[in-house]
Amino acid sequence: MQIHTIQKLIVACLFAIVSLGISAAEYTVEQQSKQFVKDGKLVEKMTVNAGDTIHFKNQDPWFHNVFSLSDVKTFDLGSYPKGESKAVVFDKAGMAEVECAIHPQMFMEIEVK
Amino acid sequence: MSDSAKRGFKVFTGKARCAICHSGFNFTDNGFHNIGLPENKDEGRYAIKPIKVMKGAFKTPTLRDIALTAPYMHTGEFATLEEVVEHYNSGGKKSMGNLDPNMRPLKLSKKQKADLVAFLRSLTGDFREVTAPELPVNN
Ligand SMILES: [Cu+2]
């Protein structure tokens, strides 16, 4: 009887872990040639769900400094070199503007649903 | 272009790493950097973008016709291109807790400094032959 309960618990736990994994997605936005790029294409706007994570990865041989001063998500990732990546969890719904402090031409919007 | 200026271009894109910021046709990355000017008291770009890396940061200017536009820097603190090169050679001063990570002592020889100045002088007038490549940061 006890073993049965433990088995049920394990199944429930596994189910919870799997469903969490499904509900919170992970994306990567790269900094490439002083642009924001996703899946190899220039990205000006993307949509994510609340709780999703975006990894900002520098692919350029110089520094970038990704930040946002938006109400829904304020962050400053600091400047980091090629190959490094930092993650942001977008936890609240709304529009976030993401910029690079060093290169003012770099700009994108993220709609958090 | 004189031989000295040609060697200076190699220093510019090589050992001195100027082209990390002064890149492309107009010798600017259109970016903002704090290059650790001893005289700077101005928070610069930070007034517009309150992000730490913008403390004391100013826009990279073009180097076209640079020999004609003394004094140098927004502070006007350098009267000659030789002084500008000495500043970069020193690596700059950490100011406002923020110095661009590409600023570091360059250890240029006397001749390399003279060649670099000769190259900067050669960017005067209609001369449009050289553009600086976008330089990778070598850590
Ligand atoms: Cu950038």
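Rules of the game
Residues numbered from 1 in each chain as written. Chains lettered and ligands numbered in written order. Predicted model: local features only at pLDDT ≥ 70, side-chain atom pairs only at ≥ 80, totals over all residues. Heavy atoms only, no water. Helix = DSSP H or I, 4+ residues; strand = E, 2+ residues; numbered from the N terminus. pLDDT = per-residue confidence, 0-100. Donors = N, O, S within 2.8 Å, 3.2 Å for Na, K, Ca; no water. Buried < 20%, exposed > 50% of the residue type's maximum accessible area, 1.4 Å probe, protein only. Pairing = 2+ DSSP bridges. Phe/Tyr/Trp six-rings, centres within 6.5 Å; stacked < 30°, edge-to-face > 60°. Axes fitted to C-alpha atoms, helices over the stretch in contact; angles between N-to-C directions. Parallel < 35°, antiparallel > 145°, perpendicular 65-115°, else oblique. Contact = heavy atoms within 4.5 Å. Nonpolar A, V, L, I, M, F, W, Y, C, P; charged D, E, K, R; others polar. Buried area = accessible area lost by both parts, 1.4 Å probe. Salt bridge = Lys/Arg side-chain N within 4 Å of Asp/Glu carboxyl O. Polar contact = N/O pair within 3.5 Å; in protein donor to acceptor, adjacent residues only side chain to side chain.

Further remarks concern unusual backbone geometry. The peptide bond linking Ala70 of chain B to Pro71 of chain B adopts the cis configuration, its omega dihedral lying at 0 degrees. Examined against the element boundaries, Pro71 of chain B turns out to sit in the loop between β2 (58–59) and α2 (81–90). In this model, Ser33 of chain A sits at a positive phi of 50 degrees, which is unusual for a non-glycine residue. With respect to the helices, strands and loops of the structure, Ser33 of chain A is situated in the loop between β1 (26–32) and β2 (35–38). We note that Met73 of chain B has phi near 75 degrees; this positive angle belongs to a residue other than glycine. Within the secondary structure, Met73 of chain B is located in the loop between β2 and α2.

The next thing to look at is the confidence of the model for chain B. Per-residue pLDDT for chain B has a mean of 92; in total, 94% of the residues score no lower than 70. Across the assembled chains, the prediction reports ipTM 0.82 with pTM 0.86.

Before going further, it helps to spend a moment on the coordination of the copper ion. Residues and elements named next belong to chain A. All of the protein donors around the copper ion are His64 (ND1), Cys100 (SG) and His103 (ND1); their distances to the metal are 2.0 to 2.2 Å. Taken in sequence order, the residues that donate to the copper ion follow the motif H-x35-C-x2-H. With His64 in strand β6 (residues 64–69) and His103 in the loop between β9 (94–100) and β10 (107–112), this pair connects stretches of sequence that are 39 residues apart. In this structure, His64 and His103 share a single accessibility class: buried.

Turning next to the pairing of β10 of chain A. Residues and elements named next belong to chain A. A one-sided burial pattern is seen for β10, the buried positions being Met108, Ile110 and Val112 and the unburied ones Phe107, Glu109 and Glu111. Pairing between strand β4 (residues 45–48) and β10: 4 bridges, direction parallel. Along β10, the bridge assignment pairs Val48 with Val112. Here β9 pairs with β10 via 6 bridges, running antiparallel. Across the sheet, the residue bridging to Glu97 is Glu109, located in β10. Where β9 hands over to β10, the hairpin turn is made up of 6 residues, counted between the paired strands.

Residues and elements named next belong to chain B. In total, this model carries 6 aromatic pairs over all chains according to the counting rule given. Ring plane angle 55 degrees and centroid distance 5.1 Å describe the contact between Phe12 and Phe119, whose orientation is recorded as tilted. With Phe12 in helix α1 (residues 3–13) and Phe119 in helix α3 (residues 110–121), this residue pair connects regions lying 107 residues apart in the sequence. Of the two residues examined, Phe12 and Phe119, each falls in the buried class. The class for Phe119 is buried, based on a relative accessible area of 0%.

With that settled, consider the packing of α1 of chain B against α3 of chain B. All names here are of chain B. Packing of α1 against α3 leaves a shortest axis separation of 7 Å and a crossing angle of 100 degrees. Classified by the angle between their axes, α1 and α3 sit roughly perpendicular to one another. Of the residues in α3, those in contact with Ser4, Ala5, Arg7, Gly8, Phe9, Val11 and Phe12 of α1 are Lys111, Gln112, Ala114, Asp115, Leu116, Ala118, Phe119 and Leu120. Residues of the contact of α1 with α3, tallied by class, amount to 9 nonpolar, 3 polar and 3 charged.

Glancing now at the interface of chain A and chain B. Listed per partner, the contact involves 16 residues of chain A and 20 residues of chain B. Both faces combined, the contact of chain A with chain B buries some 1400 Å², and carbon together with sulfur accounts for 64% of it. Of all residues in chain A, the largest losses of buried area upon contact with chain B belong to Trp62, Phe63 and Ile102 of chain A, amounting jointly to 33% of the total for that side. Seen at the junction of chain A and chain B, the total is 1 salt bridge. For Glu99 of chain A, the salt bridge goes to Lys49 of chain B, with nearest N and O atoms at 2.5 Å. Taken together, the connections running from chain A to chain B amount to 2 residue pairs in polar contact (both at pLDDT 80 or more). Of the residues belonging to the side of chain A that touches chain B, the class tally is 9 nonpolar, 4 polar and 3 charged.

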